[in-house]
Structure formats: C-alpha cells, structure tokens
Amino acid sequence: QKIQSTWHAFAAVLADGSVVTWGDPDSGGSSEEVQDELRNVRQIQATCSAFAAILEDGAIVTWGTVDHGGDCTAIQEQLKHL
C-alpha cells in the first residue's frame, strides 16, 4: 500500500495496517524491536537511516539508527496525537 526507504532499507505499510521491513538492519531494515507496536499504521516517513510510523491513534513509533531519528522515547509525550 505505502512504501518508504532509507539509504539501505525499505518499510512498507500493508493493507491491514501492519509493517514489513527489509534491508540493512542498521538503517531500519529490521523493525523487530518495535514490531508489536506497528499496528494500524497510517503513514511512514524516513530519514537516511531511520523510520517513523504514525499510527491511526496519533502515536509515533520509530526504529533505525538512533542518531538519525530511530529513537523518539525522550520526546514521546510531545508526539502524542499527531
């Protein structure tokens, strides 16, 4: 349904709102650590080596290289209900 890429990985939103990723794990190609959170995904955006998923409820889930946006836990409260 929707697909985004970093420099070395891809992420696709499937019709059921789940996400599949592939490519270099260090560039977001592995979403294993956040896979349980990737439900009802509305949209995905990418940087050079990280992804951010916006869920239907407005929550944000990130993964990939931390220095490039792969970890938003420090500002999670500010990102609610986008």
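Details of the structure are given in the entry above.
What this report covers is the structure whose coordinates are included nearby.

Cut-offs and rules
Residues numbered from 1 in each chain as written. Predicted model: local features only at pLDDT ≥ 70, side-chain atom pairs only at ≥ 80, totals over all residues. Heavy atoms only, no water. Pairing = 2+ DSSP bridges. Helix = DSSP H or I, 4+ residues; strand = E, 2+ residues; numbered from the N terminus. Core = buried A, V, L, I, M, F, W, Y, C linked by side-chain atoms within 4.5 Å. Buried < 20%, exposed > 50% of the residue type's maximum accessible area, 1.4 Å probe, protein only. Contact = heavy atoms within 4.5 Å. 1 Å grid on protein atoms, 1.4 Å probe; cavity = no way out; pocket = protein on both sides within 12 Å on 5 of 7 lines; lining within 4 Å. Points joined across faces, edges and corners; volume = space filled by probe spheres on them. Nonpolar A, V, L, I, M, F, W, Y, C, P; charged D, E, K, R; others polar. Axes fitted to C-alpha atoms, helices over the stretch in contact; angles between N-to-C directions.

Quick word on the pairing of strand 3 (residues 19–23)
- Bridge count between strand 2 (residues 9–13) and strand 3: 5 bridges; the pairing is antiparallel. By the bridge assignment for strand 3, Ala12 is matched with Val20.
- From the end of strand 2 to the start of strand 3, which pair antiparallel, there are 5 residues, and Gly17 there has a positive phi angle of about 85°.

Overview of the nonpolar core
- Membership of the largest hydrophobic core comes to 13 residues, with the highest contact counts inside it found for Val19, Leu38, Val41, Ile44 and Trp63.
- Once you skip the residues sitting within four places of it in the chain, Val41 turns out to touch Val13, Gly17, Val19, Ala53, Ile54, Leu55 and Glu56.

So, the layout of surface pockets
- Put simply, the largest pocket is a space of about 310 Å³.
- In terms of lining residues, the largest pocket is bounded by 18 residues, among which Glu33, Val34, Thr62, Trp63 and Gly70 are the most central.
- Classifying every residue of the lining of the largest pocket by side-chain character gives 7 nonpolar, 7 polar and 4 charged.

As for the sheet that holds strand 4 (residues 41–46)
- Here we have 3 strands laid out as an open sheet, ordered 4-5-6, and antiparallel in their pairing. Of all the strands in the sheet, the pair left with one neighbour each is strand 4 and strand 6 (60–64). Going across the sheet, the axis of each strand differs from the next one's by a mean of 20°, ignoring polarity.
- Judged from the 5 bridges that link them, strand 5 (residues 50–55) and strand 6 form a sheet pairing that is antiparallel. Across the sheet, the residue bridging to Ala52 is Thr62, located in strand 6.

None of the figures reported here should be taken as evidence of function without further support.
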